[in-house]
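Chains, contacts and geometry: an overview
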Amino acid sequence: MKQAMLTILGTAQDAGIPQPNCTCAQCKEALTNPAKRRYAASLAVVMPEEKTWHLIDASLDFKEQFAAVQMQYGLEGVLMDSIFLTHAHIGHYPGLLFLGREAIGAQGVSTYVGPKLKQMLETEAPWRQLVDLGNINVKALQAGKAVQISEDVAIRPVEVPHRNEFSETYGFWIEGRNRKILYIPDIDAWTAWDVNIYDAAKEADVCILDATFHSIAEIENMGRDYREIPHPVMTETMDRLQDLVDETDIYFTHFNHTNPAIDPCHPFTQQVKERGFRIAEEGMQIDL
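Here goes a summary of the coordinates provided. (Residues numbered from 1 in each chain as written. Predicted model: local features only at pLDDT ≥ 70, side-chain atom pairs only at ≥ 80, totals over all residues. Heavy atoms only, no water.)

Quick word on the overall build of the protein chain
Within the protein chain, the regular secondary structure consists of eight helices and 14 strands. Taking 288 residues into account, the globule formula puts the C-alpha radius of gyration at 19 Å, and the protein chain, at 18 Å, falls close to it. The principal-axis extents of the C-alpha atoms in the protein chain amount to approximately 50 × 40 × 35 Å. In the protein chain, which comprises 288 residues, the share counted as buried stands at 54%. Nonlocal contacts in the protein chain, meaning residues at least 24 apart in sequence, comprise 70% of its contacts between residues at least 6 apart. (Helix = DSSP H or I, 4+ residues; strand = E, 2+ residues; numbered from the N terminus. Rg over C-alpha atoms; globule rule 2.2 N^0.38 Å. Buried < 20%, exposed > 50% of the residue type's maximum accessible area, 1.4 Å probe, protein only. Contact = heavy atoms within 4.5 Å.)

Structure representation (structure tokens):
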């Protein structure tokens, strides 16, 4: 049986790269050079032999990411079997609308979400139309309880602290026959989590972790208040997990457009790689 695959569909913070209304050097370059663009963070779990697949987060770049999975695996015309959502920030769930009447007109796509997000999708416009028309079948996740998506692959949510204005926030353990992957694209702070990130990463074969900002100075240079948009900075994460890089593959994702790590030639990117950490790239595949 061919191995189940995890494919990275997006690696940017919610607004993607280029970000709207931004004239920074990295956004300007991405506007004119498609190779520099990054879609919002999202994953697909694909069972090539079964011709089935599952989406983790329905981003604003849903159309392009949807097509990328289909073309990469010869799944043209094959709708995902299910969708798992981390939380209700703009880069992670608005793509659901493409399943509705105005676009795909899907029927009964299992959509796994936290209890608060389930209530929002079922009661608030325009999301409730997807439910009323049967485009999606919303199912509540329970932290720590795995959902078996195939004979060999399960997805297990873990609740993490992250500005929960509209919903709780989950990371996911993606557990395959041969590899166990920890995916946390958004979290306020490792110290605010009731799990020690070092212990969690040690348990994983692969980690794909929040790298929104590389430093506090990056946020301050944007003229933003760090308390409004908290994320663990990359330098802190590397310090916490440095001793694990020889046994766990640790990737960074969810990059803000200001993060120098998106530039492969930047000295900071070279520092990340020299320390044994990895930069997630769209189209990457990881055997499960």
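What about the packing of aromatic side chains?
For the coordinates displayed, the defined rule picks out eight aromatic pairs. For the ring pair Phe 84 and Tyr 112, a centre distance of 4.6 Å and an interplane angle of 15 degrees mean the geometry is stacked. Of this pair, Phe 84 sits in strand β4 (residues 82-84) while Tyr 112 sits in strand β5 (residues 109-113), and the two are 28 residues apart along the sequence. Summarising the burial analysis for this pair, Phe 84 and Tyr 112 share the class buried. Note on Trp 190 and Trp 193: the rings are 6.3 Å apart at their centroids and 45 degrees apart in plane angle, and the pair reads as tilted. With respect to class, Trp 190 is no different from Trp 193; both count as buried. Ring pairing ties together the aromatic residues Trp 53, Phe 62, Phe 66 and Phe 98, which thus form one cluster. (Phe/Tyr/Trp six-rings, centres within 6.5 Å; stacked < 30°, edge-to-face > 60°.)

A word on the sheet that holds strand β14 (residues 285-287)
Strand order in this open sheet of seven strands is β6-β5-β4-β3-β2-β1-β14, and the pairing throughout is mixed. In this open sheet, the two edge strands, each paired with only one partner strand, are β6 (136-140) and β14. Here the average twist between neighbouring strands, direction ignored, is 25 degrees. Direction of pairing for strand β1 (residues 5-10) relative to strand β2 (residues 42-47): antiparallel, over a ladder of five bridges. Residue pairing across strands places Leu 6 opposite Val 45, the latter belonging to β2. (Pairing = 2+ DSSP bridges. Axes fitted to C-alpha atoms, helices over the stretch in contact; angles between N-to-C directions.)

Examining the side chain of Thr 86
By secondary structure assignment, the location of Thr 86 is in the loop between β4 and β5. At a separation of 2.8 Å, a polar atom in the side chain of Thr 86 contacts the side chain of Asp 57. With sequence-adjacent residues up to four places away left out, Thr 86 is seen in contact with Asp 57, His 92, Glu 168, Thr 169, Tyr 170, Phe 172 and Pro 185. (Polar contact = N/O pair within 3.5 Å; in protein donor to acceptor, adjacent residues only side chain to side chain.)

As for the nonpolar core
Trp 193 and Met 234 are the most contacted members of the largest nonpolar core, which has 32 residues in total. At the level of elements, β8 (154-160), β10 (180-184), α5 (197-203), β11 (206-210), α7 (234-241), β12 (249-253) and α8 (267-274) are the ones that each hand at least two residues to this core. Residues within four places of Met 234 in sequence aside, it is in contact with Ala 211, Phe 213, His 214, Phe 252, Phe 255, Asn 259, Ala 261, Phe 268, Val 272 and Ile 279. Counting 29 residues, the second-largest nonpolar core is a separate cluster that includes Met 5, Ala 88, Leu 99 and Val 138. (Core = buried A, V, L, I, M, F, W, Y, C linked by side-chain atoms within 4.5 Å.)

Topic: α8
When we look at burial in α8, the residues that qualify are Phe 268, Thr 269 and Val 272. Down the axis of α8, the buried side of the element spans an arc of 100 degrees, and every buried residue falls inside it. Across from the buried face of α8, at angles greater than 90 degrees, the exposed residues are Pro 267 and Glu 274. Taken together, the buried residues of α8 touch α7, β12 and β13 (278-279). (Arc of directions from axis to C-beta.)

Don't take any of this as a statement about function, it's just geometry.
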